[in-house]
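Residues per chain, in single letters:
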Amino acid sequence: MARFHLTCESSKAAIARAAAESAELDPSGQVRERDILGSFYKKRRVNNQNIVYNDAGDFAASTGTFIYNGSTGKTALEATLESFTGDFQGIQQNSLGHFSLVLKADDTLYVFSDPEHSYDIYYTLGDNWMISSHLSAIAQSSDLVQVDKFRLYEKIIQKSPIGPHTFLRGVNKLMGNQCIKVDCSTNVISVEETDPIGSGQSFDPNSIEKAVSEYAEVVRDTFQTISTAFPSSIGLQLTGGLDSRTILAGLQAVDRQPSVFTGQGDSPLVPSAENDIVVVNQLVDKYNLDLYQLDWTTDYLDHTSSTWVTYFSKYGFSYRKFGCNPSFFDELEKGIEEHPTVMIKGLGAPFPNSKPWETDFMKDRLSLSEFVDNHYYRPLFSREGFSREDEFKSHLYKGLKEYINNQTHIDLVNSEIDVADYTELQLLLERSRSTSVTNLRNEFSYYLAPFDMNPLFRPFLSVSDRFRIANEFQIRLIRELNDTLLDVPVASGATSNTPEQITGNTLKKNQKSLIDYLQYIADNSPAPIGKILENYYWIVRSNLFPPNADYDQYEDKYLGWLCQCDIYESDFNFDYYSYNITYLNRFLTVGFAIEYLEKGQTECF
């Protein structure tokens, strides 16, 4: 299903139902257990049955993509309901996907997600509790929207809040090692928490050939489960890069030929490159794949407040995907004539652009404050632009400390981590960012990001950093799964999107430019020297990379709107903004949504 909401407050349920109707969602089922009211909604493009009942009056319902013992839909839910004994982790261990699961058994409601919490479930506690897979449903049903500004800034600047907290006070996100329980006889809600999830299978640290071979078996098993669950049509978001090539290799390893989808835009807000389609066409020709080119072109400068209200009303906070791009949503809603049953994402957290395993450390321990300053916090403003920058960094420090202690097995000793744990921490944080569109994409069809799922993500954490350098592990994995796939050149961030033929087992990044080296030295120098070098970095950067005409038009209009956005007025001076247009758009689209929720209107435009 697309979404769900549960509450013991009838007025909240009525508001959430009205919002879902306004979003043009069709109900797939409703439940009423004494004072508890719940509604579940169909996917927009794919028909599926995702709520079942038994003779005892119990039920099982899911949203997202839930595969249980190789099945989906009715079969999966009936098997889940029959086998469930109250042990939510037992269900997780036999399941695959990104999902929420709602079960009623023995007069108790159980709500939990996949073990990687890659499908978002939000909740409030207290007498008037509410649970939903849609954050704006909870916000719209609340009497008063209270914003935690630093968590809001996390969402914008870091792309994702750390751990279970959201930028709405009193609203939390359910973690993968947590389960919500509601006593149907008393309406009392509680959250059960187990130990953090471990890293899973480990591989030989001395032989890259053996490690790749063992991991490839896990990949084949996982893709075979996906293939069995979706015997009809599979779609793949394909680019010219290595990541989607790895997904294609996994599908071909189990004899599946997906339909291929690739998007092209015409603005700084849509990440598309001309060489992507060149390489994709070569892959399509080589393997005789069906290709659909997604049209993501749009004129952002023509947007008005009504444009954003329309898409926020329909998709909540996810409306800001690609800067609120109507063409992106139109393609998903109706542009793809024969929408595949499941769409597979070509990117994943194990293969980030930042390549944390290639970071050089001259010591064995890394302080958490140094991690925040030099490896996590993203400075978008010169010093004068963000008046509470030091407070925000302190907030990030506290949040990371809580997250490491409660949600990981990383040892934090005297507020330091072992540098051997650096990659794992970065990948765990990257995973939260990587899965930020999972709920949205699951509204239209089944949707999977295989390498963000537990069976593939957790074992990858144990792969030696030495094996990952220069993309060697990933390239060897592709060859292990399909040794012909790299006959076609690769166009990726590592090659500045210039197609490059891979003849060996590595793909080295282009040499760092002078500006890259200056930033690296500034980030890794002692504080007094680093601050001086940081100032020089911004001066050099602004002179070497003046904005192009398109950027200039967007910047002028966005800055004009942001000056009228009250939520940022006391903390930011956008005259000192120094980063790309994407983050500026994030400030605006998130600020717009918050003001619209608080006031029912906005002065941003």
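Residues numbered from 1 in each chain as written. Predicted model: local features only at pLDDT ≥ 70, side-chain atom pairs only at ≥ 80, totals over all residues. Heavy atoms only, no water.

J.: Tell me about the side chain of Thr 63, and please be specific about residues and values.
T.: Mapped onto the elements, Thr 63 comes out in strand β5 (residues 59-68). In this structure the side chain of Thr 63 is engaged in a polar contact, spanning 2.4 Å, whose partner is the side chain of Ser 100. Within polar-contact distance, the side chain of Thr 63 engages the side chain of Tyr 119 at 3.0 Å. Apart from the residues lying within four places of it in its own chain, the contact partners of Thr 63 are Met 1, Ala 2, Arg 3, Phe 4, His 98, Phe 99, Ser 100, Tyr 119 and Ser 133. (Helix = DSSP H or I, 4+ residues; strand = E, 2+ residues; numbered from the N terminus. Polar contact = N/O pair within 3.5 Å; in protein donor to acceptor, adjacent residues only side chain to side chain. Contact = heavy atoms within 4.5 Å.)

J.: Talk me through the pairing of strand β1 (residues 3-7); I want residue IDs and the actual numbers.
T.: Buried residues dominate β1, accounting for 5 of its 5 residues. Here β1 runs beside strand β3 (residues 36-41); their pairing, made up of 5 bridges, is antiparallel. Note that in β3 the partner of Phe 4 across the bridge is Phe 40. Alignment of β1 against strand β9 (residues 130-132), held across 3 bridges, turns out to be antiparallel. The partner of Leu 6 across the bridge, within β9, is Ile 131. (Buried < 20%, exposed > 50% of the residue type's maximum accessible area, 1.4 Å probe, protein only. Pairing = 2+ DSSP bridges.)

J.: Describe the sheet that holds strand β8 (residues 122-124), with residues and values.
T.: In space, the 6 strands of this open sheet follow the order β2-β3-β1-β9-β8-β10, with antiparallel pairing throughout. Strands at the two margins of the open sheet, each flanked by one partner only, are β2 (27-33) and β10 (172-173). Sheet strands in contact with helix α1 (residues 10-22) are β1, β2, β3 and β9, and its direction is about 10 degrees off that of β3. (Axes fitted to C-alpha atoms, helices over the stretch in contact; angles between N-to-C directions.)

J.: Requested: an account of the side chain of Thr 108, with residues and values cited.
T.: By the secondary structure assignment, Thr 108 is in strand β7 (residues 108-113). Relative accessible area serves as the criterion here: at 16%, Thr 108 is assigned to the buried category. Discounting chain neighbours no more than four positions away, the residues touching Thr 108 are Leu 103, Lys 181, Val 182 and Cys 184.

J.: Got a sec to walk through the packing of aromatic side chains? Specific residues and values, please.
T.: Considering all chains together, one arrives at 55 aromatic pairs under this definition. Ring geometry for Tyr 153 and Phe 386: centres 6.0 Å apart, planes at 85 degrees, overall edge-to-face. Remark: Phe 386 occurs in the loop between α11 (368-376) and α12 (389-407) and Tyr 153 occurs in helix α5 (residues 149-158); sequence separation between them is 233 residues. What makes Tyr 153 buried here is its relative accessible area of 0%. The ring of Tyr 446 has Lys 43 lying over it, and the distance from NZ or CZ to the ring centre is 5.1 Å. (Phe/Tyr/Trp six-rings, centres within 6.5 Å; stacked < 30°, edge-to-face > 60°. Lys NZ or Arg CZ within 6 Å of the ring centre and 35° of its normal.)

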